[in-house]
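# Topology and contacts: notes
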Amino acid sequence: MATIVQCLSSCATLNSKFKALSINGASSSSSSPTSSFSTRRGVCSSLSFAQSVSQCVAFSSGTMWVQKKPVRHSIVCEAAPTKKADSAAKRARQAEKRRVYNKSKKSEARTRMKKVLEALDGLKKKADAVPDEIVTVEKLIGEAYSAIDKAVKVRALHKNTGARRKSRLARRKKAVEIHHGWYVPATAQAAEAATMAA
């Protein structure tokens, strides 16, 4: 039951036969709800109130009380907006554009590396290979270096990653040359010279 907000006045005598009070002054026969309240002294008379009025009146033992219905304010909370802000939408477009561009640069670098590695593997397995065949592989290596450098320049690859991949290609090329005897490492030459001098 709502708390009693205001006491209007003390009535001298109230007719005990008074059963219902209509607040809006009109006949309470229109669908206004009626309910009875119990107090410490007994059951009160019937209570009726109009739906358009926010006060209800209860009376007991000659005293009339005005009970105010609690005012309930409805709070409208808007959920997160489905549409992004203009700046966020622009950032999303830019990120997608960069992602596609970086993906193509990284893919090109990987493809060039794969071609070099396949050519080097084929040359290493070839028994009757001649030193002039390494020239075609060197052209492929140059193209791979160029693709890696471009990817590093636009920051699709980290500079250390680019350096590592170029170093990998150079090591594989040197391993093929050593395998066929087209290149002798400096340490091996120094060891050979030391054995010749002894």
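The name given to the protein in an unreviewed UniProt entry is Small ribosomal subunit protein bS20c, with the source organism recorded as Brassica oleracea var. oleracea. Per its UniProt entry, the protein bears the Sequence similarities (unreviewed entry) comment "Belongs to the bacterial ribosomal protein bS20 family." Word for word, the UniProt comment on the protein under Subcellular location (unreviewed entry) is "Plastid, Chloroplast".

Formed by 15 residues in total, the largest nonpolar core has its most connected members in V116, L120, L123, V137 and L169. Only α1 (86-125), α2 (134-153) and α3 (159-180) provide two or more residues apiece to this core. What L120 contacts, discounting residues up to four positions off in sequence, is V137, L169, R172, K173 and V176.

Interhelical geometry of α2 versus α3 gives an angle of 170 degrees and a closest axis separation of 9 Å. Accordingly, the angle class assigned to the pair α2 and α3 is roughly antiparallel. Residues I134, E138, I141, A144, Y145, I148, D149 and V152 of α2 touch α3, and the partners they reach there are K159, G162, R165, K166, L169, A170, K173 and E177. Class assignment of the residues belonging to the contact of α2 with α3 gives a composition of eight nonpolar, one polar and seven charged.

It is worth spelling out the environment of D128 at this point. Structurally, D128 can be placed in the loop between α1 and α2. A residue is classified by how much of its surface remains accessible, and D128, at 59% relative accessible area, is exposed. Taking C-alpha positions, D128 is 9.2 Å from H180, a pair spaced 52 residues apart along the chain.

Now for the pattern of salt bridges. Evaluation of the coordinates by the stated rule reveals eight salt bridges. Across the pair R112 and E143 runs a salt bridge whose closest N-O atoms are separated by 3.0 Å. Here E143 lies in helix α2 and R112 lies in helix α1, a separation of 31 residues in the sequence. For E143, a relative accessible area of 38% puts it in the partly exposed group. Notably, a salt bridge pairs E177 with K173, separated by 3.9 Å at the nearest N-O pair. On the criterion of helical spacing, the pair formed by E177 and K173 is a turn pair, its members being four residues apart in helix α3. An identical accessibility class is assigned to E177 and K173; each is buried. Bridged by salt links that share partners, the residues E108, R112 and E143 form one connected network.

Calculation criteria
Residues numbered from 1 in each chain as written. Predicted model: local features only at pLDDT ≥ 70, side-chain atom pairs only at ≥ 80, totals over all residues. Heavy atoms only, no water. UniProt positions renumbered as here; feature names shortened; annotations may be inferred. Core = buried A, V, L, I, M, F, W, Y, C linked by side-chain atoms within 4.5 Å. Buried < 20%, exposed > 50% of the residue type's maximum accessible area, 1.4 Å probe, protein only. Helix = DSSP H or I, 4+ residues; strand = E, 2+ residues; numbered from the N terminus. Contact = heavy atoms within 4.5 Å. Axes fitted to C-alpha atoms, helices over the stretch in contact; angles between N-to-C directions. Parallel < 35°, antiparallel > 145°, perpendicular 65-115°, else oblique. Nonpolar A, V, L, I, M, F, W, Y, C, P; charged D, E, K, R; others polar. Salt bridge = Lys/Arg side-chain N within 4 Å of Asp/Glu carboxyl O.

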